[in-house]
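Below are the chains, spelled out letter by letter.
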Amino acid sequence: MARLRRIVLVLCLCALIAPAFAADDVDLALVLVTDVSRSIDDSEFALEKDGYSAAFTSDQVISAIKSGALGSIAVAYVEFASGFEVKTVLDWMVIRDLASARQFVAKLTAAPRSYWGRTAISAGIDHAVGMLAESGFNAARRAIDVCGDGTNNAGREVSAARDDAVAAGITINGLAIINEHPVSWTFAHVQPPGGLQNYYRENVTGGPGSFVLEVRDFKTFGEAMTRKLVAEIAAHAVPPRFAHAAPKGSH
């Protein structure tokens, strides 16, 4: 009987010491901010959607999610064009396995295109910052993915939006889609001096570990997005309020 009481006591102590992870605790809160301005035609937009679907349901991304400290991420999807054209197409969803990833991409694929205007990357970033502030998730990391094929040509300065996001503890990463056959009226927009990847690096991305990938063909968008998501998800951090309770190296 005494031995049974000791076992019960040990189990109770373990329950008190173990971190009480809740449903709103995630490894990463991520907002996908996607350019749907007029320089991206409908066929290219469809390839973007296909690329997102392939990336989120890939073995690499699912494995990266499951190997996190909590094994889950929260994702939202935003489309933007001009400064007044920004929309939350998919509100927050938690992805922890292939089934939940498929639910996310099914809704993403079914959603119609939102806009065809100019390109206000800054408006997309500002919108995402607001979403992260109000998400309700306790995330070890918060990030914004900006995906587009041109420079900021509407709204406020994109570097100012970037700086405000970084000051709030948010990392912004970029996927620059290189248009190697632009029409004359979009040339300066999609091929700025120094290249679009460099423009993103200097004006759009920022924060700890931020990076820019580029893709030169919409057909390879999914491969690039897969690499991007794995790089973002793979950092195994524990939410600050649990850092003292989780054993070092635990997953």
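Note on numbering: residues in each chain are counted from 1, in written sequence order. A pLDDT threshold of at least 70 governs which residues receive local features in this predicted model, and a stricter bar of 80 or more applies before side-chain atom pairs are shown or counted, although totals over entire chains, interfaces and linings include all residues. Side-chain metrics in this entry use all non-hydrogen atoms of the structure; hydrogen atoms and water are not considered.

Before we go on, may I ask you to explain the environment of Gly155 in this structure?
For helices the rule is a DSSP run of H or I covering at least 4 residues; for strands it is a run of E covering at least 2, with both sets numbered from the N terminus onward. Looking at where Gly155 falls in the secondary structure, it is placed in the loop between strand 4 (138–148) and helix 6 (158–167). Note: C-alpha distance between Gly155 and Phe84 (71 residues apart in sequence) is 8.1 Å. Beyond its immediate chain neighbours, meaning those up to four positions away, Gly155 contacts Ala120 and Ser122. Residue contacts are counted whenever heavy atoms from the two residues lie within 4.5 Å of one another.

Sorry, what's going on with the nonpolar core here?
Proteins that are soluble and globular tend to have nonpolar side chains buried together. In this text, buried Ala, Val, Leu, Ile, Met, Phe, Trp, Tyr and Cys residues form a nonpolar core when linked through side-chain atoms within 4.5 Å. Partly exposed residues are those whose accessible area sits between 20% and 50% of the maximum for their type, while under 20% is buried and over 50% is exposed, using a 1.4 Å probe and protein chains only. Counting 38 residues, the largest nonpolar core has Tyr52, Phe56, Tyr77 and Phe104 as its most contacted members. With five residues, the top contributor of residues to this core is helix 9 (residues 221–233). Contact partners of Phe104, with chain neighbours within four places excluded, come to Leu32, Phe56, Val75, Tyr77, Leu90, Met93 and Ile95.

Looking at this structure, I do not really get the side chain of Ser114. What am I missing?
Along the polypeptide, Ser114 turns up in the loop between helix 4 (98–110) and helix 5 (121–133). Whenever a nitrogen or oxygen atom comes within 3.5 Å of another N or O atom, the pair is scored as a polar contact, on the condition that within protein one atom can donate a hydrogen and the other can accept it, and that pairs from neighbouring residues in sequence are kept only if both atoms are in side chains. A distance of 2.7 Å separates polar atoms of two side chains, one belonging to Ser114 and the other to Glu79. For Ser114, the contacting residues outside a window of four places in its chain are Glu79, Lys87 and Val89.

Sorry, what's going on with the pairing of strand 2 (residues 73–80) here?
If a strand is regular, its side chains alternate between the two faces of the sheet. For strand 2, the tally of buried residues reaches eight of eight residues, placing the bulk of the element in the interior. Residue alternation in strand 2 divides its side chains into two sets, Ile73, Val75, Tyr77 and Glu79 and Ala74, Ala76, Val78 and Phe80, and both sets are buried. In this analysis, strands are considered paired if DSSP registers two or more bridges between them. Pairing of strand 2 with strand 3 (residues 86–95) involves seven bridges; the strand directions are antiparallel. Each residue of the ladder has a partner; that of Val78, found in strand 3, is Thr88. The loop that links strand 2 with its antiparallel partner strand 3 comprises five residues.

What should I look at first to understand the sheet that holds strand 6 (residues 212–215) in this one?
Remark on secondary structure: sheet strands pair via backbone hydrogen bonds, oriented parallel or antiparallel. Taken together, six strands build an open sheet; the order of strands is 3-2-1-4-5-6 and the sheet is mixed. The sheet is open, and its two borders are formed by strand 3 and strand 6, each paired with just one other strand. Adjacent strand axes in the sheet meet at a mean angle of 15 degrees, parallel and antiparallel pairs treated alike. In this sheet, strand 4 lies alongside strand 1 (residues 25–35) in parallel orientation, the contact comprising nine bridges. Only the stretch in contact is used when fitting a helix axis, every axis being a line fitted to C-alpha atoms; angles between N-to-C directions are given from 0 to 180 degrees.

I keep staring at the packing of helix 6 against helix 8 (residues 196–204) and nothing clicks. Help me out?
Pairs of packed helices are described in terms of their axes, by the angle between the two and the distance that separates them. It is the contact of helix 6 with helix 8, at a shortest axis distance of 8 Å, that shows an interaxial angle of 55 degrees. As judged from the angle between their axes, helix 6 and helix 8 are oblique. For the pair helix 6 and helix 8, contact is made by Val158, Ser159 and Arg162 and by Tyr199, Glu202, Asn203 and Val204, respectively. Should an angle fall under 35 degrees it is taken as roughly parallel, and over 145 as roughly antiparallel, whereas 65 to 115 is taken as roughly perpendicular and any remaining angle as oblique.

Just checking my understanding: could you explain the packing of aromatic side chains for this structure?
Geometrically, a pair of aromatic rings is defined through the distance of the ring centres and the angle of the planes. Each aromatic pair joins two rings of Phe, Tyr and Trp (for Trp, the six-membered one) with centres within 6.5 Å, and gets the label stacked for planes under 30 degrees apart, edge-to-face for over 60, and tilted for any other angle. On inspection of all chains with the given rule, the structure shows four aromatic pairs. Residues Phe56 and Phe104 carry aromatic rings whose centres are separated by 5.0 Å and whose planes lie at 55 degrees to one another, so their mutual orientation is tilted. Of this pair, Phe56 sits in helix 2 (residues 42–56) while Phe104 sits in helix 4, placing them 48 residues apart in sequence. Exposure remark for Phe56: the relative accessible area of 0% places this residue in the buried category. Ring-pair connections join several aromatic residues into one group, and the members of that group are Tyr52, Tyr77 and Phe221.

What am I meant to see in helix 9 here?
Over its 13 residues, helix 9 extends 18 Å from the first C-alpha to the last, a length consistent with the 18 Å expected when each residue adds 1.5 Å. Among the residues of helix 9, those classed as buried are Phe221, Gly222, Ala224, Met225, Thr226, Lys228, Leu229, Glu232 and Ile233. By this rule the span expected of a helix is its residue count minus one, scaled by 1.5 Å.

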